[in-house]
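So you can see what is in the structure, the chains are spelled out below.
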Amino acid sequence: MANNKGSLRSTIAVSLTNYLDAGAIVAGASGLTLWQKYLGLTEVHLGWLNFISANCLGAALGAIIGGFLADKYGRKFIYTYNLLVYMLGVLLVMCSVNFPMLLCGFLITGISVGIGVPASWTYISESSEINNRGRNICISQMSWGIGPMIILLLGMFFAPGGYLFGWVESLGHAIGGSNLSDDALNVFSSRLVFFSLFVVAFIAWNLQRKLEESTEWKASREEAKAKGENTGLMHAFGVLFSNKIAVKTVCFLAGIYLTWNLVASVMGFFQPHIYETAGGVSNEQANWMNCIQWAIIVGVTFIVSKLVDKTSHKLIYVFGLLVAISAWVIIVTIGVNGKVGLWAFAILWGIQGGTSVQIFYALWGTELFPAKFRAGAQGFMFFVVRGLSALWGLIFTYIYGENGEGFTIAAYCMIALLLISLIVGFIGCPNTRGKSLAQITEERYGDNY
């Protein structure tokens, strides 16, 4: 087991994957209106961008691939190659001049995000001390908040009317010529935001490819070889679904994460757009509100990181979902087209984000499975959750309408989904705090895995 400082350093390096995941989602979201005007996109086009992005299908496809690759070839294998794919996808978005290019860029970036997520959570958990496992998962979650916050700030500074837009105009004319239309010039601000992700991805790749392999994964592989077990990808998939305890665990974790993520995925991609269309605020105001919300998420997550290894998981879990439900109830009762309602929602949704279901999904997802199919199980669940979130994103655009006329109906759907996540999590919350991964595996599976 790594020492405290060692696990913290590796956690920070691996957590850059989460920065890039959330950053890709929010970079697309913050510039969505600019791309829409530049390419003449409809709400259905926006739904398709969400459908194949890091928010949904792209990440889903990547996760099921990356999870089983991480179990087969090791966690370090993912860190050696995956971010090269991410940089390719971001580069394609940066250079997009039509909808198919933009769509392909979102898809490739999303696949890379999905490949990295199961390995990241697994590596963090396996390299953590018993009493710091929850803290380190929270640190990785903080990067999920820091990424959007920085990306939104860049988006606002570079956006039309922003502090740095004069520089964007100069760069746009230098690259595209002096006859660029206003829409073509404005979208350069989004291209620059994606360029920032390219730079961070390059830095993260150089850090992550130098990480040591997970000692728990190496021990699991050596044990499997000593027993003469089949270590193929399809065999690992079969083992996962032939074990009743593992199947029940998949159903529980996918249940709490799916119902929460159907709400969170929509908000992650469409929130600034919703603020602008249904709330009637400007693009700059929408991004400021979203940025402040992410700052709240980071702050609350930091507080939770100090408590999660010492406090009842069920208590924190229930608190977060009650706040989430309250946010949607307020927006339905007060209304979305007033600043009081919008700000109340933004603050409450920020608080729930700091105690979110994703923290416990990441923590329990790494604790409740044996090392031999730990990443694969997470990859499968992430595939299911993000895949269904992709479909929900398309459905949401039809419910929501072109100008937000269906927002209230959509809000009631969100409340129902969050209630399900609350009930399932409250009933099935596992008792893993203060236990080693080996102890948890022994208690749950014995020799039956």
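Everything discussed here concerns the structure shown above.
The present account deals with the structure reproduced in this document. (Residues numbered from 1 in each chain as written. Predicted model: local features only at pLDDT ≥ 70, side-chain atom pairs only at ≥ 80, totals over all residues. Heavy atoms only, no water.)

Here we take up the packing of aromatic side chains. Overall, the coordinates contain 24 aromatic pairs when judged by the stated rule. Among the aromatic residues, those joined into a cluster by ring pairs are Trp 121, Trp 144, Tyr 257, Trp 260, Tyr 361 and Phe 382. Its end group placed over the ring of Phe 188, Arg 191 keeps NZ or CZ at 5.3 Å from the ring centre. (Phe/Tyr/Trp six-rings, centres within 6.5 Å; stacked < 30°, edge-to-face > 60°. Lys NZ or Arg CZ within 6 Å of the ring centre and 35° of its normal.)

On to a nonpolar patch on the surface, then. Together, Phe 195, Val 199, Phe 202, Ile 203 and Leu 207 give the surface a local cluster of nonpolar side chains, amounting to about 440 Å² of exposed area. Secondary-structure assignment places Phe 202 in helix α10 (residues 188-208). You can call Phe 202 partly exposed: its relative accessible area is 44%. (Patch = residues over 30% accessible without salt bridge, like charges linked within 9 Å, V, L, I, M, F, W, Y side chains within 5 Å. Areas by Shrake-Rupley, 256 points an atom, 1.4 Å probe, with all protein chains shown as cover. Salt bridge = Lys/Arg side-chain N within 4 Å of Asp/Glu carboxyl O. Helix = DSSP H or I, 4+ residues; strand = E, 2+ residues; numbered from the N terminus. Buried < 20%, exposed > 50% of the residue type's maximum accessible area, 1.4 Å probe, protein only.)

The next subject is the pattern of salt bridges. On inspection of all chains with the given rule, the structure shows six salt bridges. Through salt bridges with shared partners, one network takes in Asp 71, Arg 75, Glu 126, Glu 216 and Arg 374.

Moving on, we come to helix α3 (residues 43-52). One full turn of an α-helix is made of 3.6 residues, so residues set three or four places apart face in the same direction. With seven of its ten residues buried, α3 lies for the most part within the structure. Along α3, the positions that sit buried rather than exposed are Glu 43, Leu 46, Gly 47, Leu 49, Asn 50, Phe 51 and Ile 52.

Turning our attention to the side chain of Gln 358. Structurally, the position occupied by Gln 358 is in helix α17 (residues 357-367). Of the polar contacts made by the side chain of Gln 358, one reaches the side chain of Gln 141; its length is 3.3 Å. In this structure, Gln 358 is in contact with Trp 121, Gln 141, Trp 144, Tyr 257, Trp 260 and Arg 386, ignoring residues within four places of it in sequence. (Polar contact = N/O pair within 3.5 Å; in protein donor to acceptor, adjacent residues only side chain to side chain. Contact = heavy atoms within 4.5 Å.)

Scope: geometric values only; no functional claims are made or implied.
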